[in-house]
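A look at the structure
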Amino acid sequence: MAAHDPAAGESLRTLPGDDVRQILWRFADRFDLQMVVQSTRAVARGPVARLVASGGRNSHDWTPGKNELLRAYDESGITAVFMDPEQGGFIEGPKNLALALVAFELAWVDAGAATGALAGNLALSPIHERGTKAQADHYMALAAPAKPGEDRKPWRGAFCLTEPLPYVGVDTGMLSGKATIAEWEEGKEPVLQIEKRGRFITNMGFANFVTAAVDSADPRLKGSCIVILEEGDPGTFDRGTPTRKMVHQLSSTSDPIFSLRVPASRIVGGYEVKDGVIVPRWDHGEIIEAVFKRTRVGVAVMTAAKLLSAVEPVIRYQRGRFRGAEQTKPGSLRHELGLQQREDALHRLTDVWATGEAAASLAFAAARLYDEVDPLERRKSELLAQAGVGGGRAEFAYLKKVNERAIEYLSLSRLPQGERDEARLLELANDELVRFALVDSEAGVLCPAAKLWCTGHGATVMREAVSLVGGYGITEDCPGFLGHKWMDAQLEATYEGPEAVQRRNLSVTMAQPLFLEQLRTWAGELRRIAAARPGTGACTLATAFRLWLWTFDHLTTAKDANGEKLYVGPRQGVTFRLADALCWLLASRAQILDLLELARRGPESPLAGEGLPGLLEFLGDLCHVQAAAAAGEVGRICAELTYGYNRHPAWDSEARSVCYAAEDLEALEGIISGMAGCATDVIGEGGAHPDKAGPCASCQGLHDFAALRMKLDGCLTGAQLAKDRAAQALSKVMIPEALDYPA
Amino acid sequence: MNGLQIVVCGSVVPDPLQTLEPTAGPAGPVLKNEAMLPAVLDPWAGHALWEAAHLAAAVPGSKVWLVALGPKAKLQQVMMVVGQKVPFELVAVDGPAGGFTDSHETAAALAEAVKAIPGLDRSRLLLFGGWESAARGAGTTLALVGARLEIPDLFLGVDALAVREDGSLEVLERIEGGRHQVSVCAGAPAVLGWATGNRPEPRNNPQVGMLNMRGILPALQKARPAPALGGGVTFEAVSLPKQQRETRVVKDLPAAEIARELVAWIES
């Protein structure tokens, strides 16, 4: 087969527009989401951008200018995106993708605005996910924007978890807020006394209610819970001083103090009384898990948006960099291309763009997945109830069997047609619990992976984007607010669980047998994609998946030089780094899958159609660039983990015993000519040895790894050519005359 | 008074922030990468639409149609924004929107679309549109549509319209010298080519959008192709207005001298 060489083909004509993004991120058939995007964009590139450009970020306080944004969120429908139609919203069904799109559009200009717009949802999320129906109906209705003719202000909420003071973003399990029973009259609702101090609490400058995590400090109240606090509750509702944060200044953040009496009916999800003890239906950890696994995706999207938003300003800067200088005459190459004459500038921008695409693909894939999880999760609960399966261990055991069926389904689906039991495959495919197990397993990995990789690695790449604009990048005048975005990305890496939390989460979910089976299936799929669409990097990625899987299998059975197990919880040098490596793979895979979707559906779009061949070539090259970067990262991490826990031989008597003595080798050379050339470590006269740490390490048992690693290196073939093509396209792409928001 | 029947002629134009570079296509001039450039509702037509919606809201029983000519796919993208702003019923005509069409042909296509609106009482019709267009600005299309619909009363450069209790219309038109002319006509039918009007662009309201979309999506699906446009006109050449910037730093120049230079520059 001829090598893939699209050099003579079409190239990128314009920056991808809405029509392309709608296909890539799978909302081309959802006009409700398309409208949400346009509404949010109008707010982002209108009032939000104007506020940032006028220096609105230069204050920790909640200013009237910032407060105006709340009205814009309400009037444009952003606030209502979270709600169901009967609660005042306008989008039916799950809303994870919708909220991700809102986050994307706002963060394109300012992620603090995105946080401010979505923090109210975070406050409502505990009630939405685990609250009683009465609680949900009550607070959703209060938080919904006023309908035409209604004269009321919508309630704003804040979510208060972070403590103990003075630190920010500490472990979610460490609660110091307390709940005690203040009154409990016979036959009446108990009254709780809540003592809670928060730190870095978003929306606290104006919140009317707070969902706060507290632990019991009373033997009549069991465990922890989340309670709803209202502004008018008796006691102290002190909003505290504004947090002196250096980022996301368009969101309100302060350090509140609460000392309030609230009825026990404010416990999220309700409670029951057992033997004179109030037992909340959900402890705070269970609620937080349900909330964060969805809302973290939106944070991942924010950083992805920034990376993609940097492309146009950087191109414009690069092209115009020398204009106005005496030596740069109109029409000259330097006038037209500016810095884009230089390969390095183009290559680095290619890397930024490729990372942005991969980050967006991964984060939106996670968001869409939760749109699938939500109804299936409800269905799972119904089916378990029908089967008489209660919670706890019974549910765990039941779902373990479901997972086994899901693994069977994946194993069968990998077999060629004719070699598999089609009836059984169909039966498993139609099993709702199997479907739930599959999406739940994938979501359990994709969510922390997106949060970790998009924000953490994204922050690093955002720095690169800023550097491409030179000193201009760290001024407030920089178009696209790139300097602000770089700083903001660091907060996104921390929000709703810092990187260590995501790594810990991943180290558990990625090690589940069902997920590992999914990975094997994906590796096979990538090979098939590579066969159909060479040049996307899918083949490189498939090999990188195999290397990762080999390394995982090895690390779960291997021991280090001291005989200690390697893949165990406390050994985060192993588990966390393997989690890091996996994120690269997942992001690159998501990017390639999006490209396939565009290739499949793009021809249907008249808008994308004309420039589609060039666009597909360009985005394919970006996929290849990103796959190569992922492969490099995975190869490095896996090699370090596979070899790095073996002790290097020293020049001691034990290690020397496997070396050749120089005189023996000389004698052997006389018998077998060329023998001496095969020896690596030779001990000379008087014990002299080569200048190195010790004899070369034996790689016994690691030959498969070495072969895979070598194969992976070979799989990088063509990646730099792809980067060259993408860079060339960047120097020719037509961009708008001006940025569509002020700076 | 019966409700008003307002038909707004408003098409899409390429987003003015984009790089708009005329180039030669197989069938005449086109914009470079025209199909891929984002589009917006023609700003002049937008003013007419906001005014129409405002007027319709003030007169019970009124209805607004938006007759839009443009590539169907672009219309769909633009409607995701415009459809959220005010209530209207879309009548879509599938055709080019790059600005390289003859206003007579465009007017014919629009007039046919207006005539085909079911239930439209043309004796009560107020035909709205922009008196200009951001596409190429011939400034004649709306008047030609009015002529084809046999509506004699034509007002251009309209900034305000009031419907009196007796149904007559008081119209404020821009005239030379930065002044307005007040006219009164007996009532519909009439053609009003709007200048900027007085209504700001409404905010996007997804609730309005969800209602509009029930009609917009079917309208887009059954959009009829316009007869081949552009056959009746030949373009010898097309080019963008030249941008020229000459900066001199001069201090302490008397105002009279600055004025003299400006006049000389304008006259040159």
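Residues numbered from 1 in each chain as written. Chains lettered and ligands numbered in written order. Predicted model: local features only at pLDDT ≥ 70, side-chain atom pairs only at ≥ 80, totals over all residues. Heavy atoms only, no water.

In the annotation of an unreviewed UniProt entry, chain A is listed under the name Acyl-CoA dehydrogenase and assigned to Anaeromyxobacter paludicola. On record in UniProt, under Cofactor (unreviewed entry), the comment for chain A is "FAD". Regarding chain A, the relevant UniProt record gives this comment under Sequence similarities (unreviewed entry): "Belongs to the acyl-CoA dehydrogenase family." (UniProt positions renumbered as here; feature names shortened; annotations may be inferred.)

1. Some words on the overall build of chain A
When its secondary structure is counted, chain A shows 24 helices and 12 strands. Taken along the three principal axes of its C-alpha coordinates, chain A extends 100 × 75 × 60 Å. Residues classed as buried in chain A amount to 55% of the 743 residues present. Taking the intrachain contacts of chain A between residues at least 6 apart in sequence as the baseline, contacts between residues at least 24 apart amount to 75%. Carbon and sulfur atoms form 53% of the exposed surface of chain A, whose accessible area is close to 31,000 Å². (Helix = DSSP H or I, 4+ residues; strand = E, 2+ residues; numbered from the N terminus. Buried < 20%, exposed > 50% of the residue type's maximum accessible area, 1.4 Å probe, protein only. Contact = heavy atoms within 4.5 Å. Areas by Shrake-Rupley, 256 points an atom, 1.4 Å probe, with all protein chains shown as cover.)

2. Structural notes on the UniProt feature "domain: Acyl-CoA dehydrogenase/oxidase C-terminal" (unreviewed entry) in chain A
Sequence positions flagged by UniProt for "domain: Acyl-CoA dehydrogenase/oxidase C-terminal" (unreviewed entry) are, in local numbering, residues 426-506 of chain A. A distance of 31 Å separates the end C-alpha atoms of residues 426-506 of chain A, which is 73% helix and 0% strand.

3. As for the packing of aromatic side chains
All names here are of chain A. All told, the structure shown has 21 aromatic pairs over all chains when counted by the stated rule. Between Trp-25 and Phe-104, the ring centres sit 5.0 Å apart and the planes meet at 65°, which makes this aromatic pair edge-to-face. Highlighted residues: Trp-25 in the loop between α1 (18-24) and α2 (31-53) and Phe-104 in helix α4 (residues 96-107), separated in sequence by 79 residues. Each member of the pair, Trp-25 as well as Phe-104, is classed as buried. Seen from their ring centres, Phe-104 and Phe-364 are 5.6 Å apart, and the 50° between their planes marks the pair as tilted. Highlighted residues: Phe-104 in helix α4 and Phe-364 in helix α10 (residues 343-386), separated in sequence by 260 residues. Phe-104 gets classed as buried once you look at its relative accessible area, which sits at 5%. Each residue in the set Trp-25, Phe-104, Trp-108 and Phe-364 is aromatic and connected to the rest through ring pairs, giving one cluster. Lying over the aromatic face of Phe-322, Arg-334 brings its terminal NZ or CZ to 5.8 Å of the ring centre. (Phe/Tyr/Trp six-rings, centres within 6.5 Å; stacked < 30°, edge-to-face > 60°. Lys NZ or Arg CZ within 6 Å of the ring centre and 35° of its normal.)

4. As for the UniProt feature "domain: Acyl-CoA dehydrogenase/oxidase N-terminal" (unreviewed entry) in chain A
Per the UniProt record, the feature "domain: Acyl-CoA dehydrogenase/oxidase N-terminal" (unreviewed entry) sits at residues 34-141 of chain A. For residues 34-141 of chain A, helix accounts for 69% and strand for 0%, while the C-alpha atoms at its two ends are 25 Å apart.

5. Observations concerning the environment of Ala-726 of chain A
Residues and elements named next belong to chain A. Inspection of the secondary structure puts Ala-726 in helix α24 (residues 719-730). The class for Ala-726 is buried, based on a relative accessible area of 0%. Sequence separation of Ala-726 and Thr-350 is 376 residues, and the distance between their C-alpha atoms is 6.6 Å. With residues up to four places along the chain from it excluded, the contact list for Ala-726 reads Thr-350, Phe-618, Asp-621 and Leu-622.

6. Regarding a negative patch on the surface
Together, Glu-663, Asp-664, Glu-666 and Glu-685 of chain A give the surface a local cluster of negative charge. A relative accessible area of 52% places Glu-663 of chain A in the exposed class. (Patch = residues over 30% accessible without salt bridge, like charges linked within 9 Å, V, L, I, M, F, W, Y side chains within 5 Å. Salt bridge = Lys/Arg side-chain N within 4 Å of Asp/Glu carboxyl O. Lys, Arg positive; Asp, Glu negative; His and termini not counted. Charge placed at Lys NZ, Arg CZ, Asp CG, Glu CD.)

7. Re the UniProt feature "domain: Electron transfer flavoprotein alpha/beta-subunit N-terminal" (unreviewed entry) in chain B
If you check UniProt for "domain: Electron transfer flavoprotein alpha/beta-subunit N-terminal" (unreviewed entry), the listed places come out as residues 38-197 of chain B in our numbering. Structurally, residues 38-197 of chain B is divided into 30% helix and 32% strand, and its ends, taken at the C-alpha atoms, are 25 Å apart.

8. Some details on the interface of chain B and chain A
Taken together, the contact pairs 24 residues of chain B with 30 residues of chain A. Overall, the association of chain B and chain A removes approximately 2,500 Å² of surface from exposure, summing both partners, and the carbon and sulfur fraction of that is 62%. Looking at the side of chain B facing chain A, the largest losses of area belong to Leu-17, Met-36 and Gln-77 of chain B, adding up to 25% of the total buried there. At the junction of chain B with chain A, the criterion picks out one salt bridge. A salt bridge links Glu-75 of chain A to Arg-203 of chain B, with the nearest nitrogen and oxygen atoms 2.8 Å apart. (Buried area = accessible area lost by both parts, 1.4 Å probe.)

9. A look at the confidence of the model for chain B
With 96% of its residues at a pLDDT of at least 70, chain B reaches an overall mean of 90. Interface confidence for the predicted complex, given as ipTM, is 0.88, next to a pTM of 0.93. (pLDDT = per-residue confidence, 0-100.)

10. Remarks on a nonpolar patch on the surface
Residues and elements named next belong to chain B. A surface patch of nonpolar side chains, about 610 Å² in accessible area, is lined by Val-250, Leu-253, Ile-258, Leu-262, Trp-265 and Ile-266. Tracing the backbone shows Leu-253 in the loop between β13 (224-225) and α6 (255-267). Exposure remark for Leu-253: the relative accessible area of 32% places this residue in the partly exposed category.

11. Re the environment of Thr-196 of chain B
All names here are of chain B. Mapped onto the secondary structure, Thr-196 falls in the loop between β12 (190-194) and α5 (206-221). Residue Thr-196 is classed as partly exposed on the basis of its relative accessible area, which comes to 30%. Spatially, the C-alpha atoms of Thr-196 and His-47 are 5.6 Å apart, while their sequence positions differ by 149 residues. If we ignore the near neighbours within four places in the chain, the residues touching Thr-196 are His-47, Val-158, Asp-159 and Arg-174. Here the side chain of Thr-196 touches Arg-174 through a polar contact of 2.8 Å, side chain to side chain. (Polar contact = N/O pair within 3.5 Å; in protein donor to acceptor, adjacent residues only side chain to side chain.)

12. Some words on helix α1 (residues 43-58) of chain B
End to end, α1 of chain B covers 23 Å across 16 residues, agreeing with the expected 22 Å (1.5 Å per residue, within 8%). Residues of α1 of chain B that are buried: Ala-45, Gly-46, Ala-48, Leu-49, Trp-50, Glu-51, Ala-52, Ala-53, Leu-55 and Ala-56 of chain B. (Expected span 1.5 Å × (residues − 1).)

13. A short note on the pairing of strand β9 (residues 154-163) of chain B
Residue and element names in this part refer to chain B. Pairing geometry for β9 and β12, over four bridges, is parallel. Looking at the pairing, Phe-155 lines up with Leu-192 of β12. Where β9 and strand β10 (residues 169-175) come together, five bridges link them in antiparallel fashion. Within β10, the position partnered with Val-158 by the bridge is Glu-173. Adjacent in sequence and paired antiparallel, β9 and β10 are bridged by five residues, among which Gly-167 carries a positive phi angle near 90°. (Pairing = 2+ DSSP bridges.)

14. Quick word on the pattern of salt bridges
All names here are of chain A. Tallying each qualifying case throughout the model produces 65 salt bridges over all chains. In this structure, the salt-bridge partner of Arg-348 is Asp-344, at a minimum N-O distance of 2.9 Å. In this pair, Arg-348 and Asp-344 both sit in helix α10, four residues apart, roughly one turn of the helix. You can call Asp-344 partly exposed: its relative accessible area is 46%. A salt bridge links Glu-427 to Arg-424, with the nearest nitrogen and oxygen atoms 3.3 Å apart. Note that Glu-427 and Arg-424 are positioned in helix α12 (residues 422-429) at a spacing of three residues, about one turn of the helix. Connected through salt bridges with shared partners, the residues Asp-18, Arg-41, Arg-45, Glu-105 and Asp-740 form a single ionic network.

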